[in-house]
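# Coordinate inspection notes
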Amino acid sequence: MGTLHYDFTGDVAVVTGGARGIGAAIASALAAAGARVHVFDACEPEFVVPGVTAHLVDLRDADAVRAEVDAVLAESGGVQLLVNNAGVTRDAPLWKLAEEDWQAVLDVNLTGAFRVLAALAPAMREARHGRVVQIASINGMRGKFGQANYSASKAGLIGLTRTAALELGRRGITVNAVAPGLIDSAMTAELPSEIRARALEESALGKAGSVEDVAATVLFLLSEAARHITGVVVPVDGGQLA
Ligand SMILES: NC(=O)c1ccc[n+]([C@@H]2O[C@H](COP(=O)([O-])OP(=O)(O)OC[C@H]3O[C@@H](n4cnc5c(N)ncnc54)[C@H](O)[C@@H]3O)[C@@H](O)[C@H]2O)c1
C-alpha cells in the first residue's frame, strides 16, 4: 500500500499511543515519509525505526504531558503534526461499570487528547499552521453494548475535534477525526469470537481492517492534499456503519 508518495520532510510530529498497533503504523509511515516523529506512550515502543523518538509519558498525568510537549517544542522549534491516537477500553454493561473504569477511559481517550492538543495549540497558532488528527471510533458515532465509557469518550473526542476545528481554523490549523471500525491489533486480539463475528457480519467488505488502512487515511488528512478538510470524521471501517 502506498503512503510513501506523501512528503513530510521538515515536519515534526507527535503521535500518542504510538508504541504499538495503529499508532505504531502511523508513526512508522510518517517517519518513512520524512517526518521527525515523537511517540508519547506509557510503554516502550515495540519497534525501532529511524526518525522515531520515544517519550515515556502517561497521558493521565497533566504535568508530565505539558513537560514533554514543552521539551519537544524546545528541541525541535515547532510541531506541525499531531495524532491523538492513545486509547484504552474497560468494557462492561453500565450497571456493572465501576466509576473507576468510567473515569480511566475518559481520562486517557478524551482528557489525554485534550491535554496534548491544548499544550500544542499555542505554538501551532503562532506558527499559523498545524494538522491534527484524532483517532475516534465508529463506536463514538453509535452506541455499543458494553462500551458506555469508551463510546462516550470517543463521542466526546469528536465534539472536541469539531470545536477545535472552529477555534483554530483561522490560524491555518485543521483538526479532523478518523473513526476506525474493527482493526486487527492488540486491542482487538482478545475480543470474544462472537463479538468479532458480529463485527464482520456488519462489515460491507466482510473483513477487519489493518493498522496500515488507518495509517493511510491519517497520512492523507495530515498532508497538503487535505488542506481544505477540517472538522470532519472519516470512518475507516470497511462499511461497518453503512
Ligand atoms: N483496534 C481497533 O479495532 C480500533 C477500533 C476503533 C478505534 N480504535 C482506536 O485506535 C487507537 C489505537 O488502538 P490500537 O488498536 O492500536 O490499540 P493498542 O492497545 O494496540 O494501542 C494503544 C496504545 O496506547 C497506549 N496508551 C494506553 N494508555 C496510555 C496512557 N495512559 N498514556 C500513554 N499511552 C497510553 C498503549 O500503551 C498502546 O501503545 C485507540 O484510540 C483505539 O480506541 C481501535
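Everything discussed here concerns the structure shown above.
Residues numbered from 1 in each chain as written. Predicted model: local features only at pLDDT ≥ 70, side-chain atom pairs only at ≥ 80, totals over all residues. Heavy atoms only, no water.

Tallying secondary structure elements over the protein chain gives seven helices and seven strands in all. In the protein chain, the succession of helices and strands from N to C terminus is β-α-β-β-α-β-α-β-α-β-α-α-α-β. Out of the 242 residues in the protein chain, the part that is buried amounts to 52%. A fraction of 71% describes how many contacts in the protein chain between residues 6 or more apart in sequence connect residues 24 or more apart. One way to put it: in the protein chain the 20 positive side-chain charges average out to a point 7 Å from where the 27 negative ones average out. (Helix = DSSP H or I, 4+ residues; strand = E, 2+ residues; numbered from the N terminus. Buried < 20%, exposed > 50% of the residue type's maximum accessible area, 1.4 Å probe, protein only. Contact = heavy atoms within 4.5 Å. Lys, Arg positive; Asp, Glu negative; His and termini not counted. Charge placed at Lys NZ, Arg CZ, Asp CG, Glu CD.)

Let's shift gears to the pattern of salt bridges. This model, assessed by the stated rule, comprises eight salt bridges. For the salt bridge of Arg90 with Glu100, the shortest nitrogen-to-oxygen distance reads 4.0 Å. Placement of Arg90 in the loop between β4 (81-84) and α3 (99-127) and of Glu100 in helix α3 is noted, with a sequence separation of 10 residues between them. (Salt bridge = Lys/Arg side-chain N within 4 Å of Asp/Glu carboxyl O.)

This paragraph deals with the site of the ligand. Taken together, 30 residues lie near the ligand, and Arg20, Asp41, Asn85, Tyr150 and Ser185 sit nearest. Within the backbone of Asn85, an N or O atom sits 2.7 Å from an oxygen atom of the ligand. Considering the ligand on its own, with 830 Å² of exposed area, one finds that the protein chains cover 94% of that surface. When residues of the shell around the ligand are traced back to their parent elements, those giving at least two are α1 (21-32), α4 (148-168) and α5 (186-189). For the shell around the ligand, the element with the most residues is α5, which contributes three residues. Each residue belonging to the shell around the ligand can be placed in one class, and the counts come to 17 nonpolar, eight polar and five charged. (Near = heavy atom within 4 Å. Polar contact = N/O pair within 3.5 Å; in protein donor to acceptor, adjacent residues only side chain to side chain. Areas by Shrake-Rupley, 256 points an atom, 1.4 Å probe, with all protein chains shown as cover. Nonpolar A, V, L, I, M, F, W, Y, C, P; charged D, E, K, R; others polar.)

This next bit is on a nonpolar patch on the surface. Residues Leu94, Trp95 and Phe145 make up a contiguous nonpolar surface patch of roughly 480 Å² in combined accessible area. Mapped onto the elements, Leu94 comes out in the loop between β4 and α3. (Patch = residues over 30% accessible without salt bridge, like charges linked within 9 Å, V, L, I, M, F, W, Y side chains within 5 Å.)

Viewed as axis vectors pointing N to C, helix α2 (residues 62-76) and α3 meet at an angle of 35°, and their least axial separation amounts to 9 Å. Handedness of the α2/α3 crossing: right-handed. Within the contact between the two elements, α2 uses Ala62, Val65, Arg66, Val69 and Leu73 and α3 uses Arg115, Val116, Ala118, Ala119, Leu120 and Ala123. Within the contact of α2 with α3, the residues separate by chemical class into nine nonpolar, no polar and two charged. (Axes fitted to C-alpha atoms, helices over the stretch in contact; angles between N-to-C directions. Left-handed = near helix turned anticlockwise from the far one by under 90°.)

Counting buried residues in strand β1 (residues 12-16) gives five out of five residues, a clear majority hidden from the surface. The alternating pattern of β1 places Val12, Val14 and Thr16 and Ala13 and Val15 on opposite faces, both of which are buried. At this point the chain moves from β1, through α1, to the parallel strand β2 (residues 36-41), and the crossover so formed is right-handed. (Right-handed = clockwise from strand over helix to strand, strands pointing away.)

Mapped onto the elements of the fold, Ser151 is located in helix α4. Of note is the side chain of Ser151, whose polar atom sits 3.2 Å from the backbone oxygen of Arg142. Residues within four places of Ser151 in sequence aside, it is in contact with Asn139, Gly140, Arg142 and Gly143.

Here we take up the sheet that holds β2. Here seven strands make up an open sheet; going across it, the order is β3-β2-β1-β4-β5-β6-β7 and the pairing parallel. Two strands in the sheet have a free side with no partner beyond their single neighbour: β3 (52-56) and β7 (233-236). When the angles between neighbouring strand axes are averaged without regard to direction, this sheet yields 20°. Taken together, the six bridges between strand β5 (residues 130-135) and strand β6 (residues 173-180) define a ladder with parallel strand orientation. When the sheet's bridge partners are listed, Val132 is paired in β6 with Val175. Running over the sheet, α3 touches β1, β4, β5 and β6 and is turned about 170° from β4. (Pairing = 2+ DSSP bridges.)

Bringing the environment of Glu167 into the picture now. By secondary structure assignment, the location of Glu167 is in helix α4. Each C-alpha atom of the pair Glu167 and Leu94 lies 34 Å from the other, and the pair is 73 residues apart in sequence.

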